[in-house]
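# Topology and contacts: notes
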Amino acid sequence: MKGILFMTFTAPKLLAGLISALLGFTAFSGPQDAQSSPSSVTMDVAPFLIEPTTTTSSTLFIDPYATAAEQFAALAVNLGWPVEEYETLVKVITRESKGIAIAHNENDPMSGSYGLMQINGFWCRGANSYLQKAGLLTSCEMLLDPQINLRAGLIIFTRSGWSPWRTAQ
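Now for a look at the structure at hand. Fair warning: this is a prediction, and the values are worked out from it, not measured in the lab. (Residues numbered from 1 in each chain as written. Predicted model: local features only at pLDDT ≥ 70, side-chain atom pairs only at ≥ 80, totals over all residues. Heavy atoms only, no water.)

## A look at the state of the cysteines
Using the criterion set out here, one finds 1 disulfide in the structure. At a sulfur-sulfur separation of 2.0 Å, the disulfide partner of cysteine 124 is cysteine 140. Residues cysteine 124 and cysteine 140 share a disulfide whose torsion about the S-S bond is about 105 degrees; that sign makes it right-handed. Pair noted here: cysteine 124 is in the loop between strand E3 (119–120) and helix H4 (130–133) and cysteine 140 is in the loop between H4 and helix H5 (146–160), with a separation of 16 residues, a long-range link. By relative accessible area, which is 1% here, cysteine 124 ends up buried. (Disulfide = S-S within 2.5 Å. Helix = DSSP H or I, 4+ residues; strand = E, 2+ residues; numbered from the N terminus. Buried < 20%, exposed > 50% of the residue type's maximum accessible area, 1.4 Å probe, protein only.)

Now the structure itself:
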């Protein structure tokens, strides 16, 4: 009997204490003002999309859960590569650099190959090189920047197709 009376009087006190604590916490933290907004589980990706450099290109969402090669291939499309080349870009980037933007193969001829697409020094070495004449870069080391590398790859692709990468395309 004593236990039942104890529970009868204790439960309302515990409930009242909990309610008081919640009200006190709310009063302590202050009211929400117009500048504070509730947290959201969605994210605006617009600031992370890069506008295409041509009107014939598509803009692709860069999936943060995709492989590095898939993310860089999406970036390439956003930089002006034809969307139809996305799958081949993924294969080339995977094969050439495994999606490592700063990959440099010093064993290739003409000072090696650089970056995501492993662009050979032939294309960038010297002031009269094809990519320097195009105004894209001033040294081969600039090809270690993913955007410059993908733009350089597009310039080479526009001139020679996939033949510099020896694809079956």
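Continuing now.
## Focus: the side chain of serine 113
Inspection of the secondary structure assignment puts serine 113 in strand E2 (residues 113–114). Contacts of serine 113, omitting those with residues within four sequence positions, involve Ala103, His104, Asn105, Asp108, Gln118, Ile119 and Asn120. (Contact = heavy atoms within 4.5 Å.)

## Topic: the pattern of salt bridges
For the structure on display, the rule yields 1 salt bridge. In this structure, glutamate 96 engages arginine 95 in a salt bridge whose closest nitrogen and oxygen atoms are separated by 2.9 Å. On the basis of relative accessible area, glutamate 96 is assigned to the partly exposed category, the value being 26%. For arginine 95, a relative accessible area of 43% puts it in the partly exposed group. (Salt bridge = Lys/Arg side-chain N within 4 Å of Asp/Glu carboxyl O.)

## Section: H5
Its 15 residues place the ends of H5 20 Å apart at the C-alpha level, agreeing with the 21 Å of an ideal helix rising 1.5 Å per residue. Among all positions of H5, only Ile148, Asn149, Leu150, Ala152, Gly153, Leu154, Ile156 and Phe157 are buried. If you check the start of H5, you find a side-chain oxygen 2.8 Å away from the backbone N of glutamine 147, and it comes from aspartate 145. Downstream of H5 by a residue or two, glycine 161 has a phi angle that is positive, lying close to 65 degrees. (Expected span 1.5 Å × (residues − 1). Polar contact = N/O pair within 3.5 Å; in protein donor to acceptor, adjacent residues only side chain to side chain.)

## Here we look at the packing of helix H2 (residues 68–78) against helix H3 (residues 86–97)
At a minimum axis separation of 8 Å, H2 and H3 run at an interaxial angle of 130 degrees. When the axis of H2 is compared with that of H3, the two are oblique. With respect to the hand of their crossing, H2 and H3 are arranged in right-handed fashion. Here H2 contributes Ala69, Glu70, Phe72, Ala73, Ala74, Ala76 and Val77 to the contact with H3, which in turn contributes Tyr86, Leu89, Val90, Ile93 and Thr94. (Axes fitted to C-alpha atoms, helices over the stretch in contact; angles between N-to-C directions. Parallel < 35°, antiparallel > 145°, perpendicular 65-115°, else oblique. Left-handed = near helix turned anticlockwise from the far one by under 90°.)

Honestly, that's just the spatial picture; any functional story needs more than this.
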